[in-house]
Every structure is written in C-alpha cells, then in structure tokens.
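Notes for the structure review
One-letter residues, chain by chain:
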Amino acid sequence: MQQISDYELELMKVIWNNDGTALYAEIVSALSAKGMDWTKNTIITLLSRLIDKGLLKTNKIGHRNRYTAIVSAGEYQASQTETFLDKVYEGNAKGLVSTLIQKDLLSPSDYEDLMTYWQSIKKQV
Amino acid sequence: MNDFLKLLLSLSLSGTMLILLLFLLRPLYQNRLSKHWQYYIWLVVIARLLLPWTPNPGPVGNLFLQIEYTLNNLSQESDSLEGITDTPQLSALPDSDSGLTQKTDLSNPDIDLTQEDNHAASTDLNARFLASLWLTVALLLLVRKVTIYQSFVKYIHAGSSPVEDIHLLERFGQIMSQNKIRGKIELYTNSLVSSPLLIGFIHPRIVLPDTEMSRNDFYCTVLHELTHYKRRDMFYKWLIQLTLCLHWFNPFIYLMAKEINRLCELSCDERVISILPENTRIVYGDTLLHAIGVGGSYKDTLSCVTLYESKKLLKGRLEAIMKYRKKTRGIQIAAAVITFALFATALSVGAYAAPGNSSINSMKNKQPSPSDATAPDSTFLYDEEKGYYVYTAPDNKYTIFYQNNIYCILADGATMADCPTGGVAGDVVLLRLVYKDYYYSYLFNEFDTPDDITSQVNSWCRSAIQENRMTEAQADLMADATRHIIKFMSTGPKESGPSAQEPDPKFTEAKQIVGMNGTYYYRQSAYFQKPYIIELGWNLSERAQKAYDVLQVPLDDGSAMPVYFDASCKRFMSDEDAVSSIARLLSGLCSKAYGIYEELPIQAPFISGLEYVGDADLDSLAKEYYEKKNYSYFTAIFLELDGKTQQEYLERTFRDKETGFFMCCMDALVDEGIQGDTVERYVLKSYQEDDIAFFSCLCDMLDDGSKKQWIERCTQDGRTNYLYVLKDDDEVSSDETYLSDILEEKGLFEEYGDNGIVPVKNDYYYRGQRVRILLDARADGSFKNFAYSNRGTVDIRIQRDETNAITFVTYLSKTEANEILDDIDGATEGSYSAFPLSDDEAVSPIRQRMSKTPLQSND
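Residues numbered from 1 in each chain as written. Chains lettered and ligands numbered in written order. Predicted model: local features only at pLDDT ≥ 70, side-chain atom pairs only at ≥ 80, totals over all residues. Heavy atoms only, no water.

1. Comments concerning the overall build of chain B
Scanning chain B from N- to C-terminus turns up 33 helices and 22 strands. Every one of the 859 residues in chain B was classed for burial, and the buried ones make up 45%. Of the contacts made within chain B by residues no fewer than 6 positions apart, 62% connect residues no fewer than 24 positions apart. Accessible surface computed for chain B: about 43,500 Å², of which carbon and sulfur atoms make up 55%. (Helix = DSSP H or I, 4+ residues; strand = E, 2+ residues; numbered from the N terminus. Buried < 20%, exposed > 50% of the residue type's maximum accessible area, 1.4 Å probe, protein only. Contact = heavy atoms within 4.5 Å. Areas by Shrake-Rupley, 256 points an atom, 1.4 Å probe, with all protein chains shown as cover.)

2. Remarks on the confidence of the model for chain A
Here chain A shows a mean pLDDT of 88. Residues at 70 or above account for 100%. Per-element mean pLDDT across chain A ranges from 85 in helix H5 (residues 93-102) of chain A up to 91 in helix H1 (residues 6-17) of chain A. (pLDDT = per-residue confidence, 0-100.)

3. Some words on helix H4 (residues 73-89) of chain A
All names here are of chain A. The end-to-end C-alpha distance of H4 is 23 Å, a good match for the 24 Å that 17 residues give at a rise of 1.5 Å each. Every buried residue belonging to H4 is among Tyr-76, Ser-79 and Leu-85, and all of these are buried. Those residues of H4 hidden inside the fold are in contact with H1 and H5. One or two positions beyond H4, positive phi appears at Glu-90, with a value near 50 degrees. (Expected span 1.5 Å × (residues − 1).)

4. Describing the side chain of Thr-227 of chain B
Tracing the chain through its elements places Thr-227 of chain B in helix H7 (residues 215-230). Those residues within four positions of Thr-227 of chain B in sequence are excluded, and the remaining contacts are Cys-268, Arg-271 and Val-272 of chain B.

5. Examining the nonpolar core
In terms of nonpolar packing, the biggest core is built from 48 residues, with Leu-11 and Ile-27 of chain A together with Phe-172 and Leu-226 of chain B touching the most fellow members. Non-local contacts of Leu-226 of chain B, meaning those with residues more than four positions away in its chain, are made with Phe-172, Ile-175, Met-176, Ile-181, Ile-185 and Ile-206 of chain B. Counting residues in hydrophobic clusters, the runner-up holds 39 residues, among them Phe-661, Cys-665, Phe-695 and Leu-723 of chain B. (Core = buried A, V, L, I, M, F, W, Y, C linked by side-chain atoms within 4.5 Å.)

6. Side note on a nonpolar patch on the surface
All names here are of chain B. A cluster of nonpolar residues, Leu-20, Leu-21, Leu-24, Leu-25, Leu-28, Phe-252 and Leu-255, forms a patch on the protein surface that exposes about 610 Å² of accessible area. Secondary-structure elements contributing two or more residues to the nonpolar patch are helix H1 (3-29) and helix H9 (251-275). Ranked by residues supplied to the nonpolar patch, first place goes to H1 with five residues. Here Leu-25 is to be found in helix H1. (Patch = residues over 30% accessible without salt bridge, like charges linked within 9 Å, V, L, I, M, F, W, Y side chains within 5 Å. Salt bridge = Lys/Arg side-chain N within 4 Å of Asp/Glu carboxyl O.)

7. Concerning the sheet that holds strand S3 (residues 64-69) of chain A
Residue and element names in this part refer to chain A. Taken in spatial order, the three strands of this open sheet run S1-S3-S2, and their pairing is antiparallel. Sheet topology places strand S1 (21-23) and strand S2 (56-61) at the edges, where each strand pairs with a single neighbour. Here the average twist between neighbouring strands, direction ignored, is 25 degrees. Strand direction decides the pairing type here: S1 and S3, joined by three bridges, are antiparallel. Looking across to S3, one finds that Leu-23 is bridged to Arg-66. Contacts between helix H2 (residues 24-33) and the sheet are confined to S1 and S3, with S1 contributing the most and set at about 95 degrees to the helix. The strands touched by helix H3 (residues 40-52) are S2 and S3; relative to S2, the strand with the most contacts, the crossing angle is about 120 degrees. (Pairing = 2+ DSSP bridges. Axes fitted to C-alpha atoms, helices over the stretch in contact; angles between N-to-C directions.)

8. Observations concerning the packing of helix H21 (residues 618-628) of chain B against helix H22 (residues 631-640) of chain B
Residues and elements named next belong to chain B. Closest axis-to-axis distance for the H21/H22 pair is 9 Å, and the angle between their directions is 150 degrees. Judged by the angle between their axes, H21 and H22 are roughly antiparallel. Where H21 crosses over H22, the handedness of that crossing is left-handed. Counted together, Leu-618, Leu-621, Ala-622, Tyr-625 and Tyr-626 of H21 and Tyr-633, Phe-634, Ile-637 and Glu-640 of H22 form the full contact between these two elements. Broken down by class, the residue content of the contact of H21 with H22 amounts to eight nonpolar, no polar and one charged. (Parallel < 35°, antiparallel > 145°, perpendicular 65-115°, else oblique. Left-handed = near helix turned anticlockwise from the far one by under 90°. Nonpolar A, V, L, I, M, F, W, Y, C, P; charged D, E, K, R; others polar.)

9. Some thoughts on the pattern of salt bridges
When the charged atoms of two side chains with opposite charge come close together, those side chains can pair. By the definition in use, this model includes 19 salt bridges over all chains. Between Glu-8 of chain A and Lys-53 of chain A there is a salt bridge, with its nearest N and O atoms 2.8 Å apart. On the criterion of sequence distance, the pair formed by Glu-8 of chain A in helix H1 and Lys-53 of chain A in the loop between H3 and S2 is long-range, its members being 45 residues apart. Of the two residues examined, Glu-8 of chain A and Lys-53 of chain A, each falls in the buried class. Arg-483 of chain B is the salt-bridge partner of Asp-480 of chain B, the closest N and O atoms lying 2.6 Å from each other. Remark: Arg-483 of chain B and Asp-480 of chain B occur in helix H16 (residues 472-491); sequence separation between them is three residues, near one turn of the helix. One salt-bridge network, held together by shared partners, links Arg-49 of chain A together with Glu-164 and Glu-186 of chain B.

10. Brief notes about the interface of chain B and chain A
Each partner contributes to the interface: chain B provides 15 residues, whereas chain A provides 14 residues. Surface buried jointly by chain B and chain A totals about 1,200 Å² across both partners, of which 52% is contributed by carbon and sulfur atoms. At the boundary of chain B and chain A, one finds two salt bridges. Among the salt bridges present, the one from Glu-186 of chain B reaches Arg-49 of chain A, with a minimum N-O distance of 3.4 Å. Summed over the shared surface of chain B and chain A, the result is nine residue pairs in polar contact (both at pLDDT 80 or more). Contributions of two or more residues to the side of chain B that touches chain A are made by helix H6 (166-178) and strand S2 (186-189) of chain B. Per-element accounting of the side of chain B that touches chain A gives the leading share, seven residues, to H6 of chain B. Considered class by class, the residues forming the side of chain B that touches chain A number eight nonpolar, three polar and four charged. (Buried area = accessible area lost by both parts, 1.4 Å probe. Polar contact = N/O pair within 3.5 Å; in protein donor to acceptor, adjacent residues only side chain to side chain.)

11. Focus on the confidence of the model for chain B
Residue and element names in this part refer to chain B. Chain-level pLDDT for chain B is 72 on average; 72% of the residues reach the 70-or-more range. Considering only residues more than four positions removed or in separate chains, one finds that residues 354-376, a stretch of pLDDT under 50, has 16 contacts. Here residues 493-520 is a poorly scored stretch, pLDDT under 50, and it has 60 contacts once near neighbours within four places are set aside; other chains count.

12. A short note on the environment of Ala-668 of chain B
All names here are of chain B. By secondary structure assignment, the location of Ala-668 is in helix H24 (residues 659-672). Residue classification places Ala-668 among the buried residues on the basis of a relative accessible area of 6%. Remark: the alpha-carbon pair of Ala-668 and Ala-526, spanning 142 residues in sequence, is separated by 9.7 Å. Among all residues touching Ala-668, those that are not within four sequence positions of it are Thr-635 and Leu-639.

13. Let's talk about the pairing of strand S9 (residues 406-411) of chain B
For a regular strand, side-chain orientation follows a simple rule: the groups alternate between the two sheet faces. Residue and element names in this part refer to chain B. Burial analysis of S9 places six of its six residues in the buried class, which makes it a mostly covered element. Of the two faces of S9, the one lined by Ile-406, Cys-408 and Leu-410 and the one lined by Tyr-407, Ile-409 and Ala-411 are each fully buried. Relative to S9, strand S8 (residues 398-403) runs antiparallel, the two sharing six bridges. Residue Phe-401 lies in a different strand from S9, and its bridge partner there is Cys-408. The turn linking S8 back onto S9 is made up of two residues, and Asn-404 within it adopts a positive phi angle of 50 degrees.

14. Looking at the packing of H21 of chain B against helix H23 (residues 643-655) of chain B
Residues and elements named next belong to chain B. Where H21 contacts H23, the two axes come as close as 13 Å, and the packing angle between them is 15 degrees. Classed by the angle they form, the pair H21 and H23 counts as roughly parallel. For the crossing formed where H21 meets H23, the hand is right-handed. Between H21 and H23, the contacting residues are Asp-619, Ala-622, Lys-623 and Tyr-626 on the first element and Thr-645, Tyr-649, Arg-652 and Thr-653 on the second. Among the residues forming the contact of H21 with H23, the class breakdown is three nonpolar, two polar and three charged.

15. Quick look at the packing of aromatic side chains
Residue and element names in this part refer to chain B. Scanning all chains against the criterion turns up 28 aromatic pairs over all chains. Both rings, one in Tyr-625 and one in Tyr-633, keep their centres 5.5 Å apart while their planes meet at 85 degrees; by these two values the pair is edge-to-face. With relative accessibility at 1%, the residue Tyr-625 sits in the buried group. The buried category is assigned to Tyr-633, whose relative accessible area is 3%. Ring geometry for Phe-662 versus Tyr-682: centroids 5.1 Å apart, planes at 70 degrees, classification edge-to-face. Taken as a pair, Phe-662 in helix H24 and Tyr-682 in helix H25 (residues 678-688) lie far apart in primary sequence, 20 residues in all. The exposure class assigned to Phe-662 is buried, which follows from its relative accessible area of 0%. Aromatic ring contacts, followed pair by pair, group Tyr-149, Phe-201, Phe-235 and Trp-238 into a single cluster. The ring of Tyr-229 has Arg-232 sitting right over it, with the charged end atom 4.9 Å from the ring centre. (Phe/Tyr/Trp six-rings, centres within 6.5 Å; stacked < 30°, edge-to-face > 60°. Lys NZ or Arg CZ within 6 Å of the ring centre and 35° of its normal.)

As structure tokens, then:
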C-alpha cells in the first residue's frame, strides 16, 4: 500500500467515519466540523491523489461525485502497523507490545481485553 | 488543378494577406490597443486559414477562378491546335466514298476526346500527386508535434512530485477561488523544468521548478499560469500548431505563430496586472526575473504554457508591465470597430469555392453552357386567333393561358371552357388553377416581386393543403407553373403578340401612374345592361389602343365614341344588340358626375368581357355568379339588386369570410355613392369580431376623420396590429411622424423628451437605445402608456406621482420584464436572448456591447 500524507489521511478518516462512502459536500462539512476549511481545489486534489494511490474509488451520482473507500480503516491500520513494525522493530512484534506496556500506552484492562480476545480466537481454530 | 489544392492555396493566400495587413498596421495599434485584443484578433486570421466558408469568391476566389479559366482555355486551345494539325491529314483522305468520309468525321471527335482525356488525366495526376504530397507532410508534421508533446508530458510527469505542503495547496486553492476558476488543477514540482508551466488538457497541472519561492513569487507565478488556464491558451496554441501543419509551406504562418506566442504572454501579463493592485506591478516584474534564475535543464516551449520564454521577450514584457494602463472606452470602441473591419476583410478577401457552389455557377453562366439547353423553357407563345399567350408544360402536364392579367393553369385535360369568365381590375393579377369540375383562384399584386409571389403562392398552397382543399401534387404543379409565370412576367412574351415589347401596355402604363400619385389611370368594372353583362374598362392608354380593334359607337347625345374590343369580344362588334347595349351603358356612365366617374371620366372605353344573359332572373344570376365565384359579373348584378338583398349579400359574404366578394360589393356601393353608413358599420363589426382581414380592407374606405378616430381607439385599446393596419394605409401621416404625433396629441411628447425618451419612427429610444418595453405607470399602478417593440433592447419604467408628474425613469429588472413579456401574447418568443444579463449591465450599455464582441467572450 502506498504511503499517504497526513492531510490525505484526514480525508480518509472522514470517509471511513461516514460508513466508507461520502459525497463531496459531506466531506466538506465533516472537515469544517474539524476546523479544516480547505479550498475546493485542495480537497479535490487530495481526493484524486487518494484515487491514484488506490485507496478510493469514485462514481457519479447525477453530476455529483461519490467517493468510496476501497481500503477499510482496519486494513489501512494493519498495513501501516506492518510497515511500522518492519521499519522500527524489524518485524519483532513482542518488542512493540512491550514498549506499549512499558510506556503505559496499553493499560492493564486493555491488556486483559486483548487476552480474552486472543483466547476466543484460539478456541475457534 | 485539384479543387482541394486550389481551396487550400486560396485559403493560404487570403490568410497571408490578412497576416501582412495586421503586421503592417501593427505600429498603429501596438501601443494603443490592448494586448488582449492584439492576441485574439489573430483568431480571425486563423479562421480564414482554416475555414473554407465564404459568402462570395472575393478577389482571391476570383483570381483562382480566372486562373482556372485561363488554364482551361489554354488546354482547350492546345487541343484545338492539335486538332487542326490532325484535320488536314484526315481530310486528305479520298472522300469519294461517302461512307469513309462519315467514318473520318466520326473518328475525329474520338481522337479529340482521347487527347483531351490524356491531357486532363496528366494534369489530374500532377494535382493528385501534389495533393497527396501536401497531405503526407501535413500529417507527418502533426504526428511529430503530437508525439513530441506526449513525450514531453511523460517526461514532466515522471519527474514531478505532487506538492504535499497543505499551506501551499491552500494558497493555490485560494487564488483559484478568488479568480473564479473552476475545475481541478493539480500542483506539482519538478526540478527539471526551467520555468513554471501549465500542462495537460483534461487533467491540467501547474508544474513549478521548486516550491522554495517567496509568497509573492508564488502568487504571481500561479496567477499567471491560472490566467493561461482560464483563457484556454493551450487550445489556442494547438490551434496554431494545426494551422502550421496544414499550411506548412507558407512561411508567413510561422511568422504569425511567433507573433501570437509573444502576444500570448504579453496579454496574459496584461490580464494578471489588471487583477493585481496598482503597486504590485513591480512584484510581478520581479517574479518574471526570478523565473530566469531558477530552473533546470529541459527546455521545450512547444505547446505548453510557461512563465518565461526568452530574454528578448522578457524585456518586452517588463516594459509592457510598467506601461500598462486601463484602456479607455474610446480605445475599446476602436478595437471593436477594427475587429469588425478585419472580419469583413477576412470574408471579402474570400476563398476559392469548390464547384457546385453558387459562385462558380455564376461564373459558368457567363459562357454558354449545354445545361442551358436542358433548362426549363418558359416560352409563352401568342395565339393570334384567340388572343391568348399559351405555355404548355413538358409532358402536357398542364397549359397556362394568359390574357388580361389572368393566368389560367389548365390541368388534367381541363379546357378554357372550364375556366370561369370575368376579369380583374387595376394592378391585380389573378392566378387560376383549373380542373374539369373545380378551380382555385389566387390574387396577387402586379407590383409584387417574384420572390413575394413565390412565397405568397407557396404559403397559400400550404394552407390549402392543411385544410384538405388541395393535394401535394396540385401544390407542386402550382409551384411549377408559378415559376414559369414569374419568368414570363419578368421577361415579357418572346413571340410576336399584340405588343411584342410589353405584354399588356394598358397595365404597364396604369402601373406607372399608380406608382406616381396613387390615382387609378385605368379602371375596369362590370355592369349589367340588359340583356348583357358588360365588363368595361376605360382610359385605355394610347399605346394599348393600338393593340385592340376599335369601333365608333354612337352615344345618346349624338356624338360617337371609339370603343376598343378585347380579342375575346371581337365577335360582338358586329352584333347590333350588343353594340347598342354598350352605347346605352356608356351614355349612362358618361352622364354620371360623382365618385369615380367624376374623378376619371369615361374615355377610351375597352370591352374586356361581354356575356348575354337575356331575361334571366337577377337574383338567380347573382346566386349563380356567387357560386361560380365570378367576382366581376357578380358585382355587376349586385348593383342591380334591391337594397335589402344587397345587405343580405354583404352579411353573407362577411359571414362566409369571402373577403373578395365582400370587397367587390363594398367597392361597388362606394363607387355608386350609395354605401351610407355600411362601411362604418362593418369596420366596427370586423373590429369587434377581431377579423383583421376585413378590417384592413375596409379601412381603405374610411375618410381621414374617421381614420383618425380609429387610430385613437386602437391606441387606447392597445391593439397594435390594428394600429399598424391603419397606419399602413395612412398616407397622410407617414412612419416618420406617426408615434411623435400620437405623443404630441396626448401631451406626452415634451414630457418624455425631458426625461430622455425620444420617439424615432415607431419606436421609443431611451438614452440612445431602442426600448423594448415601455411602462408608463401612474401612482396607483395603472398604466398611462404602454409600448412594446420586439426590436428593442432595454425595458424602462416611467414612474409618476399623485399629480401624474414623472418622478423617475428606471430600467426594469429581468424578472419584471419577463412577467410583462409573459403577458404579451406570442410576439415575445426569441426576444429573451437580446436581454441584458443583469440590471448592472443594462446600466452600462457600452460595456455590454463590448462583452458581446465574439473575440472578447473568451475571458
């Protein structure tokens, strides 16, 4: 998956939060709710870059464009995490988790939740 | 020569003339007119170079036609020369054997033919070779240009990276929205480009050498490129490239291309500066200079729009920036005038028009061509015995008989016996399409132009078809016959007739007199003189008198009067009863001293029709002629009927919409001075029943006093169509004085004048513009005056206060105007487009006009 800029990610978040699909007008209002009053050309440029990068597709409804995410938020996070893991921890996931716990980024209750989740997956297999 | 090649060369030549003209005039306009204009004026030249369309051949077209004819003649001469050298050899052959001579005679044209073929074939081959050579080069050039461009685009794209900096993107987006530029334009950087540039037609992108530039530089650069984008300069550039490819052999086109390129940047700068605040010009100049410093190695200025192109050009651009000032209105008008003049020149310089076009046909017509022989022959032959002009259509489809302004088109085997009798008076021409059991009649005016007649007959046929009174085939026949008749009318009879020069001198002369002072010189009416119906004309011209047989008829007072007889009535000259009836009629008419008989006393009478009716009952005769639609004879009987029956017929013809009969009856009554209040009554009736046809006929008969009253009434009622009818007939008050007269009468003239509203002819003008809607409203909202003209361009409202004094005059808003237009029936269609787009524009009429000149609509 190609890397996207912070601003492009903001756009993706808007679309993900809108059930993975949004009209231009919906994107504009969601962005301005976040305090990002970008100009039309900026938004359209960023959207078209996302399309070029294969994260979005567009189809016309009348003469309005509907943007739909091809990549879900989960898929994006997974792929970004993999990249990060490879880059920083050289694929060592344990190192990542221990860092998270050491720096209190992962609370004990979060840890318990994850454990239960892990047990349930193991049973199914 | 190949037609295509000729067309191309002629376009190239025309275009070159325009190019030279613009270059020669350049010192005059260079510093006076806007760069914008100087840039777009070349579009006219390009249009001339690319579009073969031309209204007439013009000098260039004629030049090519002349060359063509010279070439043709040359080839013909050389052919005939060869033919001559051949002939002696051939004729030297023994001609004792007639069979052999014939053979050589036959073979001679064969030889000529083959030679001509060879000649034509060789020139044709050359032309084809040239044409294909040209085409190949043009195509190769075009392909090369396109591929170069494509590889350039690829190269730029490959090295470009999108601008990620959201602040830069935002600044860019803001500049776009400030300048109302729609669409999506990407912003890229590419360190390989030497200067900022705009690239791409469908997905335009601006490529900057780098993003490390000052805020001002960024602003100016982007604004410059966006201006290129907004003006669609890429398309213009490719249009030039296309022209270059097509006219690759013409060096002047390359000169032009260079000039347009220069002007493209200059006019773009001009536009940018007009957007920038006054004191930032220097900043823009700085940007241009900075642009030289940065940049990479790749430099190709082909067909993409860059900020900086060459040092020399840059110098000019910097100068222009500093000299820039807003063009005054006078300059703008001058520019518009020159634009128009150049357009006109472009059209009149002309082009070679391919054969088949009318222009070449006109040229061909100068020489006798074989096609003339096959053209329809409209010769009317004169039938001495019967006194008719006769034309027979090919295949005997129909025959036209012409006599005394009546054309009878006999179809489907109908004969003259099937024709209704009776004549027409004055300048009226009657067209009759006669079948065995029925016929159609159509009247038109002798002075109508051929085009008028054609269109009149056409529309009459069409309405008859719609009402199922006529079939398509009949209409076609009518149209065909009309063509021949028009030709006959315009050329006159070719064969010997009673007057070979002029077909019917009495009408021709009558026409002249009518044309001069509006009184009838020749007059013709039918009269009932028991036991005959006599159709009598008088005041036959001297020239016409010679054409007819004459008989001295003794009158009651003992004198004798020469009476002329039409050929169709010749047989009655020896009929004593008939002659004595004529004598009685003439004596009676001579003693009448009123109306038409006083205005135009009986002189040189002419018998154009005569029918024996014996003791027949008048009522049944009238009925018969009415049904036969014999206007003339009916009118004769009508006058003999008692007053009550006359009124009944008037009522009946009015009800049946028989305008012809109605007017004949009415005319007869008026002529005899026994109309009483009939005219007034029917004018009112037709007005109330909204029958403008009757109204227009009748208002001729109104005297000046009652006409004035009707004009007032129609004005008050706002029935403009009736007003026009009245005004058309009103010879006293002509177009020029009419509207102002009405205003004068109403006391509005000066009041309007004080407020800038002036009547010119039949339209109001406000501040020099023709008014479409004029609304003169009182304080209570009612209208004091209302006028509408579909030729007008501005809508105005005159507002009055309680004392009915004008408080102000304003333009109507578009909505108001449209509401009013909706209320006016029919007449408004298609007039919306002429309406100014907003109130704002209506206030500034000149600017509005300027923005409509086609070349300036691009911005």
